[in-house]
Amino acid sequence: MNYDTGTILFAFMLTVFAGLATGVGSLMAFYTKKTNKKFLSAALGFSAGVMIYVSLIEIFVKARESLEAVHGESLGYLYATLSFFGGIFVIAIIDKLVPKAENPHELKDPSEMEALPQHEKDAHESHQLLRMGLFSALAIAIHNFPEGLATFIAALEDPTMGVSIAVAIAIHNIPEGIAVSVPIFYATGSKRKAFKFSFLSGLSEPVGAIIGYFLLRSFLSDSMFGIVFGMVAGIMVYISLDELLPTAEKYGEHHIAIYGLITGMMVMAASLVLIS
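Not measured: the values here are computed from a predicted model.

Novice: Please clarify how the pattern of salt bridges should be interpreted in this entry.
Specialist: Once their charged atoms are close, side chains differing in charge can pair, the charge on each being opposite to the other. Going through the model one piece at a time under the given rule, you end up with 2 salt bridges. With its nearest N and O atoms 3.5 Å apart, the salt bridge here joins glutamate 58 to lysine 62. Of this pair, glutamate 58 and lysine 62 both sit in helix H3 (residues 37-71), 4 residues apart, which is roughly one turn of the helix. Take glutamate 58: its relative accessible area is 15%, and that puts it in the buried class. The residue arginine 64 makes a salt bridge to glutamate 68 at a minimum N-O spacing of 2.7 Å.

As structure tokens, this is what we get:
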């Protein structure tokens, strides 16, 4: 794997472009003048729709294809499935190990919130939103890491394919930025913090590219990619179902969250169709 400096730089810049698209989503916070719970509900539902769709339609399929290429159709499909549920198991164990009071996934019942004095209720909601936003940033950073690695390697082998993958990833990174920035902005009132954490979650893509090229070159394989992508798909689905959707419904009407979910799926589907 010998590439000239220009090719390496081009591939790296593509991963930067794709990763930092999360910052575009975070700009939503700058134009939100006050807490709009319907908007928050729709935005979180939208983000969940994007994550679920891209996980099941794109990332899991890539995991299966990579593993089938190495282990054959039957075993490859089995390993992809085990990786998917392995990702769910890992994030579920993390949830279990985090104390309930500190766990951003342990959403309080609305009646419990109403029983609190107003100042305590506001503080509690802000605390929950902040932790949810930070947890979303971590989850997005985890799944952006292998995406950056995949984009970088694809661009090294075929710049045209690399551009297509980078654009597709950038499009779906925009609503992921919303998932991070909106709850953090509502919790803290700080546009700077909302943008910062959304921006940082996207930086994991170029970091993944750097590590992949300089540290993991000799270990890269279709099998490793397949397992990683299968686990990432599982983690994203778990986060969407356990965190984003329940919170979307908590802060808005049920149908607003569902409409946001469907819209997110449609936008992600359209972007993949147009790019393919």
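Now, onward.
Novice: What am I meant to see in the packing of aromatic side chains here?
Specialist: Two measures describe an aromatic ring pair: the distance that separates the ring centres and the angle between the ring planes. Across all of its chains, the model carries 4 aromatic pairs by this definition. Feature note: the residues Phe60, Tyr77, Phe84 and Phe85 constitute an aromatic cluster, connected by ring pairs. Residue placement shows arginine 64 over the ring face of tyrosine 77; its charged tip is 3.7 Å from the ring centre.

Novice: Help me understand a nonpolar patch on the surface, please; the structure alone is not making it clear to me.
Specialist: A cluster of nonpolar side chains, Leu75, Leu78, Tyr79 and Leu82, forms an exposed patch at the surface whose accessible area comes to about 350 Å². As for its position among the elements, tyrosine 79 is in helix H4 (residues 73-97).

Novice: Is there a simple way to explain the side chain of serine 83 in this structure?
Specialist: Structurally, serine 83 is set in helix H4. By relative accessible area, which is 9% here, serine 83 ends up buried. Residues within four places of serine 83 in sequence aside, it is in contact with Leu67, Ile227, Gly230 and Met231.

Novice: How should I be thinking about helix H1 (residues 5-19) in this particular structure?
Specialist: Structural remark: α-helix, 3.6 residues per turn; residues separated by three or four positions point the same way. Here H1 contains 15 residues, and its C-alpha end-to-end distance of 21 Å stays within 8% of the 21 Å for a straight helix at 1.5 Å per residue. Inspection of H1 places Ile8, Ala11, Leu14, Thr15, Val16, Ala18 and Gly19 among the buried residues, and these make up the whole buried set.

Thresholds applied
Residues numbered from 1 in each chain as written. Predicted model: local features only at pLDDT ≥ 70, side-chain atom pairs only at ≥ 80, totals over all residues. Heavy atoms only, no water. Salt bridge = Lys/Arg side-chain N within 4 Å of Asp/Glu carboxyl O. Helix = DSSP H or I, 4+ residues; strand = E, 2+ residues; numbered from the N terminus. Buried < 20%, exposed > 50% of the residue type's maximum accessible area, 1.4 Å probe, protein only. Phe/Tyr/Trp six-rings, centres within 6.5 Å; stacked < 30°, edge-to-face > 60°. Lys NZ or Arg CZ within 6 Å of the ring centre and 35° of its normal. Patch = residues over 30% accessible without salt bridge, like charges linked within 9 Å, V, L, I, M, F, W, Y side chains within 5 Å. Areas by Shrake-Rupley, 256 points an atom, 1.4 Å probe, with all protein chains shown as cover. Contact = heavy atoms within 4.5 Å. Expected span 1.5 Å × (residues − 1).

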